[in-house]
Structure formats: structure tokens, C-alpha cells
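If you want the building blocks of each chain, they are given just below.
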Amino acid sequence: MIRPLETADIPSCRDIFTDCLQDMPWRAAHRGQHLTLRRALEGQPGWVAEEQNAGIIGFLTLQVPADYVDHLFVAEDWRLCGVARGLLEVARREAEGPLSLDVDTDNITARRAYEALGWQVVASTGGGSRGRQMRLVGP
Ligand SMILES: CC(C)(COP(=O)(O)OP(=O)(O)OC[C@H]1O[C@@H](n2cnc3c(N)ncnc32)[C@H](O)[C@@H]1OP(=O)(O)O)[C@@H](O)C(=O)NCCC(=O)NCCS
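This part is about the pattern of salt bridges. All chains considered together, the criterion is met by 7 salt bridges. Residues Glu50 and Arg3 are paired through a salt bridge, measuring 2.9 Å at the closest nitrogen-oxygen approach. Of this pair, Glu50 sits in strand E2 (residues 46–51) while Arg3 sits in strand E1 (residues 2–4), and the two are 47 residues apart along the sequence. Judged by its relative accessible area of 26%, Glu50 is partly exposed.

Take a look at the structure:
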């Protein structure tokens, strides 16, 4: 089930985020990631994927009115089950225009997923405080 994010979901989303970061060694040097997450979870529209027995298994936050997806994280045990696809579909329905997001160039898993979902690369950045990233626009 996908439903709007509630305050009570924030600790579960934070746990999924923290677990996911363990597989992203290139992000170790990024500062302020948890603060950015907290601000997004507390101040932006968001949705969670919830499974009856497992609880929260994924979440997405959306910056409006830019329609920019700034967090999309799925618990490892629940990947490749269509959770990200479902969250993005809900966000797309709520957005005014096409969705966009930035993916780390080193994040091959996510890049493959976005490619499979029909997202297009529109720009790349060479570095800076957030490392190398690619800007993608959704279908
Ligand atoms: C990227 C991520 C959000 C994808 O979530 P997911 O729920 O596994 O994705 P879905 O199951 O909805 O898959 C969507 C499509 O991507 C494909 N896909 C997903 N992961 C893939 C992978 N590792 N390799 C190849 N294809 C992949 C799926 O096969 C599916 O395509 P299909 O419908 O044609 O089969 C998830 O891997 C994740 O949370 N990663 C860690 C956090 C992260 O990197 N977030 C993105 C930050 S920009």
C-alpha cells in the first residue's frame, strides 16, 4: 500500500535511509544528509510504501512546486518488487509537470532502475559538495 507520509513514519524512513547509506561509500563525505532528510520528511509532501507484516518498506519525498524527487529509498529486502515504481507513479500524479531528480554517478543500481523506468539523463555535474551527479527527468 502506498499512502501519504505521516509524522509517525519518520523514524522508519530514517532507518531505511541509514541502512541504504551503508551501501553508498561514496556518500561518506557528504555532510548534512540526515538534516536534509529530516527537513524533507517534516516539511515536504511525501509517500510511504507499507507492507502489512513488515511496516514501512520505502518512501519518497517531493519538493514542490519544482516537482523534484529529493529522496527515494526502498528497504533492501523489498527491492525489485515495484516499490519505487509505485511511489514514483503516485508522486507523478500529484506533480504539476514532469518529475526530476539527481542520482549519484556512482549509484549504478539506481541508474539502472531509472533507465528501466524510462527516465532520461539531461545533465551531469562534475563534483562539488554533493559529488558527481546526473540530473534525470521522468517519463
Ligand atoms: C533505486 C531503488 C529506489 C529502486 O527501487 P526498487 O523498488 O527496487 O525499484 P522497482 O522494483 O520499482 O524497479 C523499477 C524498475 O527498475 C528495475 N531495477 C530496479 N533495480 C535494478 C537493478 N539493480 N538493476 C537493474 N534494474 C533494476 C526493475 O527491474 C524495474 O524495471 P522493470 O519493471 O522493467 O522490471 C532502490 O534500489 C533503492 O532504494 N536503492 C538505494 C537508495 C537509492 O539509491 N535511492 C535512489 C537515490 S537517487
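On we go from here.
Mapped onto the secondary structure, Asn107 falls in the loop between strand E5 (100–104) and helix H4 (108–116). Setting aside chain neighbours within four positions, we find Asn107 in contact with Met24 and Trp26.

This part takes up the layout of surface pockets. To find the voids left in a structure, one rolls a probe of water-molecule size over its atoms. Volume-wise, the largest pocket comes out at about 1100 Å³. Surrounding the largest pocket, 41 residues form its lining, Met24, Leu72, Asn107, Ala110 and Tyr114 being those nearest its centre.

Contacts to the ligand come from 20 residues, most closely from Leu72, Leu80, Gly82, Arg85 and Asn107. At a separation of 2.8 Å, a nitrogen atom of the ligand approaches a polar backbone atom of Leu72. Gly82 is positioned such that a nitrogen or oxygen atom in its backbone is 2.8 Å from an oxygen atom of the ligand. Relative to its unbound accessible area of 920 Å², the ligand is 77% covered by the protein chains. The cavity that encloses the ligand is the largest pocket. In terms of residue count, H4 provides more of the shell around the ligand than any other element does, 6 residues in total.

How each quantity is defined
Residues numbered from 1 in each chain as written. Predicted model: local features only at pLDDT ≥ 70, side-chain atom pairs only at ≥ 80, totals over all residues. Heavy atoms only, no water. Salt bridge = Lys/Arg side-chain N within 4 Å of Asp/Glu carboxyl O. Helix = DSSP H or I, 4+ residues; strand = E, 2+ residues; numbered from the N terminus. Buried < 20%, exposed > 50% of the residue type's maximum accessible area, 1.4 Å probe, protein only. Contact = heavy atoms within 4.5 Å. 1 Å grid on protein atoms, 1.4 Å probe; cavity = no way out; pocket = protein on both sides within 12 Å on 5 of 7 lines; lining within 4 Å. Points joined across faces, edges and corners; volume = space filled by probe spheres on them. Near = heavy atom within 4 Å. Polar contact = N/O pair within 3.5 Å; in protein donor to acceptor, adjacent residues only side chain to side chain. Areas by Shrake-Rupley, 256 points an atom, 1.4 Å probe, with all protein chains shown as cover. Sits in = over half its atoms within 2 Å of the grid points.

Remember, this is a structural readout, not a statement about activity or role.
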